[in-house]
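Listed below, chain by chain, are the residues.
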Amino acid sequence: MITRLLLVCVLAIGLQSFAQKMPVSYDFSEKFNDRYRYSNLVTIDDDGDGGYILVRAYFQGLILKPKGYFIERYNKDLELISEYNYKLKGMQFVDGFTKNGQLNLIFLTYDFERGMYRYTAHTSNLVNYNFKTTNLLEFKTPAVEGAFGRNYYNRNFKNGFSTTLLFNPEKTGFIISTHHIKGKKNQHTIHLFDTNLNKKWEQDFSAEVEEKNYAFEQIALSNNLEETFIVGKAYFKKKRFQVDERKFQYELIKISGGVAKTQSFDDPGKYSEGLYPIIDDNRLLCVGFYADRKDNRYNGVSYFDINPSSLAITSKKYHPFSEQFMEDKFGREEDKVIKNLVFKSVNVTDENDILFNAEEYFVTSSLQVTGAGQRMKVERFHHNDIVSAKLDMDGDLIWTRNINKAEVTQGDGAYASYSSYSKDGKTYFFICTAAENPQLINGERLIFKQGLSRNRNVFLISLDESGKLDYEKVIGDEEARLPLMVSKPLIDSAKDQLLFYAKRGNKKQLVEVVFK
């Protein structure tokens with residue numbers, strides 16, 4: 001009996017020492033067979049009935065070409081209840097969402113017979129998938145390469161026509177921007193739609209583009225959709241620039257009641273490098289990054305409190321990156337350059353703090369020789385360090401942190417990058433990596449390196465209220481036999497739940513993670 005008691009005590013101590021630190025539980029669906037080996041996840045949403053809808057673009061052929069969209073519906077117990085093959089080719093997928101039991105897929109296509117671009121919404125119920133098409137907008141213009149764009153750097157406006165579509169984070173509405181240049185004609189128009197696909201207004205923005213071209217990046221909408229706030233990168237149209245001149249500036253555009261107003265943010269020695277608009281109660285804020293030189297190097301975090309009526313800046317604050325942040329990122333390296341940060345998430349906590357996260361993202365290209373001796377351009381997409389910052393509502397900095405990682409992909413970026421979630425004053429990051437363990441230097445500097453294994457581990461990294469870092473492997477590769485599309489979860493804040501899609505080859509499953 002004494003021996004048994006001692007054994008029980010030893011086991012209890014062992015279990016306690018290996019107890020999970022992170023407050024999450026997870027559940028796997030069964031593994032399902034999948035008929036489409038090559039596909040990209042384009043939409044994941046709730047179905048309005050406790051379940052989930054997933055849409056994938058799939059590719060087939062000796063030379064892979066897009067053939068259609070495969071729709072999967074799961075119930076709340078992660079059981080696959082229906083599948084549908086929507087055979088549709090020749091259209092560029094833009095975005096998708098569900099509302100009132102309807103699936104809406106938005107496409108951009110070019111009608112060569114009529115010589116025009118057309119935005120269309122394809123809408124169906126979730127039972128018999130009887131799609132109907134609604135024309136949203138049409139533009140008569142010659143076809144150009146890369147008409148739809150939302151690249152973050154070096155936007156091309158020389159083709160004569162460019163367009164983009166942006167939802168607000170809550171997906172209560174979206175804008176479509178169209179910019180048409182032909183000879184002396186320079187027409188830029190902004191259109192707002194609600195999620196019932198009704199056009200609310202159309203705004204002529206042509207006067208503002210006489211001297212600048214705008215690449216819109218983020219939008220915020222008032223609850224009644226009567227006020228629209230757009231953050232854009234405004235590129236000056238001068239033919240020649242001095243070496244010390246900056247070719248762009250960030251601007252905030254407000255459209256309300258048929259009137260457009262703009263506000264710029266640059267100060268002497270302070271140049272915006274990305275801004276994100278936040279509507280909180282009756283306040284309008286912009287947070288982001290800034291550079292203190294004109295060479296695109298990021299030097300810190302910026303904050304602007306803005307009068308939502310006039311767009312006058314009532315308060316602004318600049319916070320250089322802290323010593324802790326620089327040590328996180330570079331250690332003892334001398335060449336300390338921070339560039340190419342792209343927003344991943346921004347939210348206001350229950351304690352009225354602002355948490356925002358970005359990723360070091362850039363694209364490289366090279367020429368490779370194929371087996372037939374041809375030279376082919378190959379693009380590689382780099383998803384590197386995580387940058388996280390916390391401000392109070394008045395713009396005072398609480399902390400900034402950097403998490404080192406290096407990921408590169410030539411294909412589907414859904415498996416790279418990360419997703420984040422905030423709860424009880426803490427920020428959590430999900431990373432899916434082939435690395436077995438990260439490097440932790442001096443107890444604070446965390447480095448993830450891209451491993452070589454085919455299987456993937458899921459790590460959860462946390463930053464607490466004071467910015468202290470911790471991490472844990474929450475799902476090992478022995479359980480997660482299929483890699484998670486970690487950067488494209490469905491997040492349900494009301495249930496403190498994230499849903500991930502996992503797929504490899506002809507197998508697929510769902511992974512549900514719940515915060516306790």
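## So, the overall build of the protein
- Scanning the protein for helices and strands turns up 2 helices and 35 strands.
- A compact globule built from 516 residues would reach a C-alpha radius of gyration of about 24 Å, and the protein, at 24 Å, matches this within 12%.
- A burial count over the protein gives 53% of its 516 residues as buried.
- Within the protein, residue pairs in contact and separated by at least 24 positions form 49% of the contacts whose partners lie at least 6 positions apart.
- Surface summary for the protein: the accessible area is close to 25,200 Å², and the carbon and sulfur share equals 47%.
- Within the protein, one finds 70 positive and 68 negative side-chain charges whose respective centroids are separated by 8 Å.

## Concerning the environment of D194
- With respect to the secondary-structure elements, D194 resides in strand β13 (residues 185–194).
- Taking the C-alpha atoms as reference points, D194 and T400, 206 residues apart in sequence, are found 36 Å from one another.
- Contacts of D194, omitting those with residues within four sequence positions, involve T172, G173, F174, K200 and L225.
- Side-chain polar atoms of D194 contact the backbone nitrogen of N198, separated by 2.9 Å.

## Points about the nonpolar core
- Counting 23 residues, the largest nonpolar core has V287, F289, F321, I338, V346, I354 and F356 as its most contacted members.
- At the level of secondary structure, the elements contributing two or more residues to this core comprise β19 (271–280), β20 (283–291), β21 (300–306), α2 (323–330), β23 (341–348), β24 (353–369) and β25 (375–392).
- Each residue touching V287, except ones within four places of it in the same chain, is listed here: G274, L275, Y276, I278, S302, Y303, F343, V346, I354, F356 and L391.

## Notes on the pairing of β19
- Most of β19 is tucked away: 9 of the 10 residues are buried.
- The pairing of β19 with β20 spans 8 bridges and is antiparallel. Counterpart to Y271 in the pairing with β20 is A291.

## With respect to unusual backbone geometry
- The backbone phi angle of D281 is positive, close to 55 degrees, even though this residue is not glycine.
- Turning to its location among the elements, D281 is positioned in the loop between β19 and β20.
- Overall, the relative accessible area of 70% leaves D281 in the exposed class.

## Here we look at the packing of aromatic side chains
- Counted by the stated rule, this structure contains 40 aromatic pairs.
- Judged by centre distance (5.3 Å) and plane angle (70 degrees), the ring pair of F448 and F459 falls under edge-to-face. Of this pair, F448 sits in strand β30 (residues 445–449) while F459 is found in strand β31 (residues 457–463), placing the two residues 11 residues apart along the sequence.
- Exposure remark for F448: the relative accessible area of 3% places this residue in the buried category.
- Accessibility expressed as a relative area gives 0% for F459, which makes it buried.
- One aromatic cluster in this structure is built from Y276, F289, Y298, F321, F325, F343 and F356.
- Over the ring of Y471 we find K21, and its NZ or CZ is 5.8 Å from the ring centre.
- Just above the ring of F248 sits the side chain of K233; from NZ or CZ to the centre is 4.3 Å.

Definitions and limits used
- Residues numbered from 1 in each chain as written.
- Predicted model: local features only at pLDDT ≥ 70, side-chain atom pairs only at ≥ 80, totals over all residues.
- Heavy atoms only, no water.
- Helix = DSSP H or I, 4+ residues; strand = E, 2+ residues; numbered from the N terminus.
- Rg over C-alpha atoms; globule rule 2.2 N^0.38 Å.
- Buried < 20%, exposed > 50% of the residue type's maximum accessible area, 1.4 Å probe, protein only.
- Contact = heavy atoms within 4.5 Å.
- Areas by Shrake-Rupley, 256 points an atom, 1.4 Å probe, with all protein chains shown as cover.
- Lys, Arg positive; Asp, Glu negative; His and termini not counted.
- Charge placed at Lys NZ, Arg CZ, Asp CG, Glu CD.
- Polar contact = N/O pair within 3.5 Å; in protein donor to acceptor, adjacent residues only side chain to side chain.
- Core = buried A, V, L, I, M, F, W, Y, C linked by side-chain atoms within 4.5 Å.
- Pairing = 2+ DSSP bridges.
- Phe/Tyr/Trp six-rings, centres within 6.5 Å; stacked < 30°, edge-to-face > 60°.
- Lys NZ or Arg CZ within 6 Å of the ring centre and 35° of its normal.

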